Amino acid sequence: MDVQRALNTSHTRMKLVAFVHFILIVLALEGAWLPSAYLFYNTLFVIALFWAIHCRESTDAVQISAVINAASFMFDLIGIIFHFPAHGIFSAVCAILNLVLRPFSTLILQRELSDRGGSFDFTGSGNRVGEGGMAYEDIDAPHLQTPSRA
């Protein structure tokens, strides 16, 4: 199997991001020094990643994963700074490595979002029914034919 071609598929990239973050989160939680919020937001992040992997056409799943990942960068930074352990350095190294990889995984998620046709537009103007020049069609209203002039 060609590894380069496999890594260029969006589905494989999403699985790789989920796998790497899952392993690093588990290893970081081996030490008891991290706050319980670390487990909470990382669980939400992994669930959102699994949702994005499962729903291959959904832009919402990838967008939510990317937003949680970006917010988790700040939460990780605060947690590591304020709760750095005196012992259990291995879990601290895994937490720091997870923190370092977050911007790269956010870029991968942004690329996946653009591949799926979405964007980081939070104004509510994306992917709604009736957009793209199509008017709303009321299927309950009787269809009236206009007489043609001959």
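The structure displayed is predicted, hence computed values, not measured ones.

A word on the overall build of the protein chain
Okay, step 1: Counting its regular elements, the protein chain contains five helices and zero strands.
Okay, step 2: Shown N-terminal to C-terminal, the secondary structure of the protein chain runs as helices and strands in the order α-α-α-α-α.
Okay, step 3: Scored against the burial criterion, the 150 residues of the protein chain give a buried share of 33%.
Okay, step 4: Roughly 10,200 Å² of accessible area belongs to the protein chain as shown, and the carbon and sulfur atoms make up 67% of that amount.

Here's the deal with the nonpolar core
Okay, step 1: If you look at the biggest cluster of nonpolar residues, it comprises 13 residues, and the most contacted ones within it are Ala28, Trp33, Leu34, Tyr38, Ile80 and Ala95.
Okay, step 2: Secondary structure elements with two or more residues in this core: helix H2 (10-28), helix H3 (36-54) and helix H5 (89-115).
Okay, step 3: Sorting elements by how many residues they give to this core places H5 first, with four residues.
Okay, step 4: In this structure Ala95 touches Ala28, Trp33, Tyr38 and Ile80, once residues within four positions along its chain are discounted.
Okay, step 5: Counting residues in each nonpolar core, the second largest holds twelve residues, with Met14, Val17, Ala18 and Leu113 among its members.

Points about the packing of aromatic side chains
Okay, step 1: Inspection of the entire model under this criterion finds three aromatic pairs.
Okay, step 2: Chaining the aromatic ring pairs together yields one cluster made of Tyr38, Tyr41 and Phe75.
Okay, step 3: Over the aromatic face of Phe45 sits the side chain of Arg102, whose NZ or CZ is 5.1 Å from the ring centroid.

Remarks on the confidence of the model for the protein chain
Okay, step 1: Of the residues in the protein chain, 80% have a pLDDT of 70 or more, and the chain-wide mean is 84.
Okay, step 2: Within the protein chain, the lowest mean pLDDT, 69, falls on helix H1 (residues 3-7), and the highest, 95, falls on H3.
Okay, step 3: Under a pLDDT of 50 for its full length, residues 126-133 has, in the predicted model, four contacts with residues more than four places off or in other chains.

A closer look at H3
Okay, step 1: The end-to-end C-alpha distance of H3 is 27 Å, a good match for the 27 Å that 19 residues give at a rise of 1.5 Å each.
Okay, step 2: Those residues of H3 lying buried are Tyr38, Tyr41, Asn42, Phe45, Val46, Ala48, Leu49, Ala52 and Ile53. The buried residues of H3 occupy an angular sector of 160° when the element is viewed end-on, so they sit on one face. When the buried face of H3 is taken as reference, the exposed residues oriented beyond 90 degrees from it are Ser36, Phe40, Ile47 and His54.
Okay, step 3: On its buried face, H3 is in contact with H2, helix H4 (59-83) and H5.

Parameters and conventions
- Residues numbered from 1 in each chain as written.
- Predicted model: local features only at pLDDT ≥ 70, side-chain atom pairs only at ≥ 80, totals over all residues.
- Heavy atoms only, no water.
- Helix = DSSP H or I, 4+ residues; strand = E, 2+ residues; numbered from the N terminus.
- Buried < 20%, exposed > 50% of the residue type's maximum accessible area, 1.4 Å probe, protein only.
- Areas by Shrake-Rupley, 256 points an atom, 1.4 Å probe, with all protein chains shown as cover.
- Core = buried A, V, L, I, M, F, W, Y, C linked by side-chain atoms within 4.5 Å.
- Contact = heavy atoms within 4.5 Å.
- Phe/Tyr/Trp six-rings, centres within 6.5 Å; stacked < 30°, edge-to-face > 60°.
- Lys NZ or Arg CZ within 6 Å of the ring centre and 35° of its normal.
- pLDDT = per-residue confidence, 0-100.
- Expected span 1.5 Å × (residues − 1).
- Arc of directions from axis to C-beta.

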